[in-house]
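Residues per chain are reported as follows:
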Amino acid sequence: AQSVAQPEDQVNVAEGNPLTVKCTYSVSGNPYLFWYVQYPNRGLQFLLKYITGDNLVKGSYGFEAEFNKSQTSFHLKKPSALVSDSALYFCAVRDPTSNTGKLIFGQGTTLQVKP
Amino acid sequence: DGGITQSPKYLFRKEGQNVTLSCEQNLNHDAMYWYRQDPGQGLRLIYYSQIVNDFQKGDIAEGYSVSREKKESFPLTVTSAQKNPTAFYLCASSIVRGSTDTQYFGPGTRLTVL
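Residues numbered from 1 in each chain as written. Chains lettered and ligands numbered in written order. Predicted model: local features only at pLDDT ≥ 70, side-chain atom pairs only at ≥ 80, totals over all residues. Heavy atoms only, no water.

A. Seen up close, the layout of surface pockets. Its volume calculated, the largest pocket comes out at about 390 Å³. Of all the secondary-structure elements, those providing two or more residues to the lining of the largest pocket are strand S10 (87-94) of chain A together with strand S9 (87-94) of chain B. For the lining of the largest pocket, the element with the most residues is S10 of chain A, which contributes 3 residues. Classifying every residue of the lining of the largest pocket by side-chain character gives 8 nonpolar, 9 polar and 3 charged. (1 Å grid on protein atoms, 1.4 Å probe; cavity = no way out; pocket = protein on both sides within 12 Å on 5 of 7 lines; lining within 4 Å. Points joined across faces, edges and corners; volume = space filled by probe spheres on them. Helix = DSSP H or I, 4+ residues; strand = E, 2+ residues; numbered from the N terminus. Nonpolar A, V, L, I, M, F, W, Y, C, P; charged D, E, K, R; others polar.)

Here it is, written out as structure tokens:
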């Protein structure tokens, strides 16, 4: 079965420090991986995706993610956190062998950036 | 959120009532999706549609129904058969179902059963 795990319910960092939000996945075949961010009572905003190619993917708002096939991970990173980065972050995977287009989401990680 | 609108933003339902959530997109996307979000559970797929007049059940379709009479519209009806409908509902669309294309989300509707 395809699955995504975000092992941390909450991540706390100080403003200006680097941040990492972790994601691991389990799919058959090569995965398509996505990161979204959600602010309170809002829809999800797309940050970045990995389909193929360079393992380091750059996205919106200075975020990047590193695809690691051997560790089945796709961690989200940012070199210097901002208070405005505080939000709920979702990792998602699409099984490329499926024809449904369905995204499988992790349970989400709340990022708190303190001044 | 741009290009996908959902209404209403907040919806209150009495037990036994059916309610319909609206989703409209002006992105000319072929595929549309409905997800349900509950705290600590991520998002789960309710229904999806690739083309007009065609849709398929997702993982948690029981108690829900949809229609796709127009490319830009994909309304979701929460019926009285849905035992625990209180949740945040998100509509999404993408260019083509099953491709590498990104799904873009609307702002959501929060449904509360009184």
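That shown, we press on.
B. Just the nonpolar core, in detail. All names here are of chain A. Residues Trp 35, Leu 47, Leu 48, Phe 74, Leu 76 and Tyr 89 are the most contacted members of the largest nonpolar core, which totals 28 residues. Secondary structure elements with two or more residues in this core: strand S2 (10-14), strand S3 (19-21), strand S5 (32-38), strand S6 (44-50), strand S8 (64-68), strand S9 (73-78), S10 and strand S12 (109-114). Counting residues per element, this core draws most heavily on S10, at 4 residues. (Core = buried A, V, L, I, M, F, W, Y, C linked by side-chain atoms within 4.5 Å. Buried < 20%, exposed > 50% of the residue type's maximum accessible area, 1.4 Å probe, protein only.)

C. Expanded view of the sheet that holds strand S8 (residues 76-78) of chain B. All names here are of chain B. Ordered by their spatial adjacency, 4 strands build an open sheet running S1-S3-S8-S7, and the pairing between neighbours is antiparallel. Only two strands of the sheet have a single partner each, and these edge strands are strand S1 (4-7) and strand S7 (64-66). Shown here is a sheet whose adjacent strand axes are inclined to one another by a mean of 20°, direction ignored. Looking at chain direction, strand S3 (residues 19-25) and S8 are connected through 3 bridges and run antiparallel. Residue pairing across strands places Thr 20 opposite Thr 77, the latter belonging to S8. (Pairing = 2+ DSSP bridges. Axes fitted to C-alpha atoms, helices over the stretch in contact; angles between N-to-C directions.)

D. Inspection of the state of the cysteines at higher detail. All names here are of chain B. If you walk through the whole model with that rule in mind, you get 2 disulfides over all chains. Here Cys 23 connects covalently by a disulfide to Cys 91, the sulfurs 1.9 Å from one another. Handedness here is read from the sign of the S-S torsion; for Cys 23 and Cys 91, about -70°, the answer is left-handed. Residue Cys 23 is located in strand S3, and its partner Cys 91 is located in strand S9; the two are separated by 68 residues in the primary sequence. For the pair formed by Cys 23 and Cys 91, the shared burial category is buried. (Disulfide = S-S within 2.5 Å.)

E. Summary view of the packing of aromatic side chains. One pass over the structure, following the stated rule, counts 16 aromatic pairs over all chains. On the numbers, 5.6 Å between centres and 50° between planes, the contact of Phe 63 of chain A with Tyr 89 of chain A is tilted. Taken together, the residues Phe 63 of chain A in the loop between strand S7 (56-58) and S8 and Tyr 89 of chain A in strand S10 connect sequence positions 26 residues apart. Judged by its relative accessible area of 2%, Phe 63 of chain A falls in the buried class. Residue Tyr 89 of chain A is classed as buried on the basis of its relative accessible area, which comes to 1%. Between Tyr 35 of chain B and Phe 105 of chain B the ring centres are 5.6 Å apart and the planes differ by 40°, which places this aromatic pair in the tilted class. On the criterion of sequence distance, the pair formed by Tyr 35 of chain B in strand S4 (residues 31-37) and Phe 105 of chain B in strand S10 (residues 104-105) is long-range, its members being 70 residues apart. An aromatic cluster is built from Phe 34, Tyr 36, Phe 46, Phe 90 and Phe 105 of chain A together with Tyr 33, Tyr 35, Tyr 104 and Phe 105 of chain B, whose rings are joined through pairwise contacts. (Phe/Tyr/Trp six-rings, centres within 6.5 Å; stacked < 30°, edge-to-face > 60°.)

F. Spotlight on the side chain of Gln 38 of chain A. Inspection of the secondary structure puts Gln 38 of chain A in strand S5. Of note is the side chain of Gln 38 of chain A, whose polar atom sits 2.8 Å from the side chain of Gln 37 of chain B. Sequence-distant contacts of Gln 38 of chain A, defined by excluding residues within four places in its chain, comprise Gly 43, Leu 44, Ala 87, Leu 88 and Phe 90 of chain A together with Gln 37, Phe 88 and Leu 90 of chain B. (Polar contact = N/O pair within 3.5 Å; in protein donor to acceptor, adjacent residues only side chain to side chain. Contact = heavy atoms within 4.5 Å.)

G. Inspection of the pattern of salt bridges at higher detail. Evaluated as defined, the whole model comprises 7 salt bridges over all chains. Notably, a salt bridge pairs Asp 59 of chain B with Lys 102 of chain A, separated by 3.1 Å at the nearest N-O pair. Here the residue Asp 59 of chain B occupies a position in the loop between strand S6 (56-57) and S7, and Lys 102 of chain A occupies one in the loop between S10 and strand S11 (104-105), the pair thus bridging two chains. With a relative accessible area of 52%, Asp 59 of chain B lands in the exposed category. For Asp 38 of chain B, the salt bridge identified is with Arg 44 of chain B, shortest N-O distance 2.8 Å. Among the residues examined, Asp 38 of chain B registers a relative accessible area of 10% and is labelled buried. We classify Arg 44 of chain B as partly exposed; its relative accessible area is 28%. Bridged by salt links that share partners, the residues Arg 36, Asp 38 and Arg 44 of chain B form one connected network. (Salt bridge = Lys/Arg side-chain N within 4 Å of Asp/Glu carboxyl O.)

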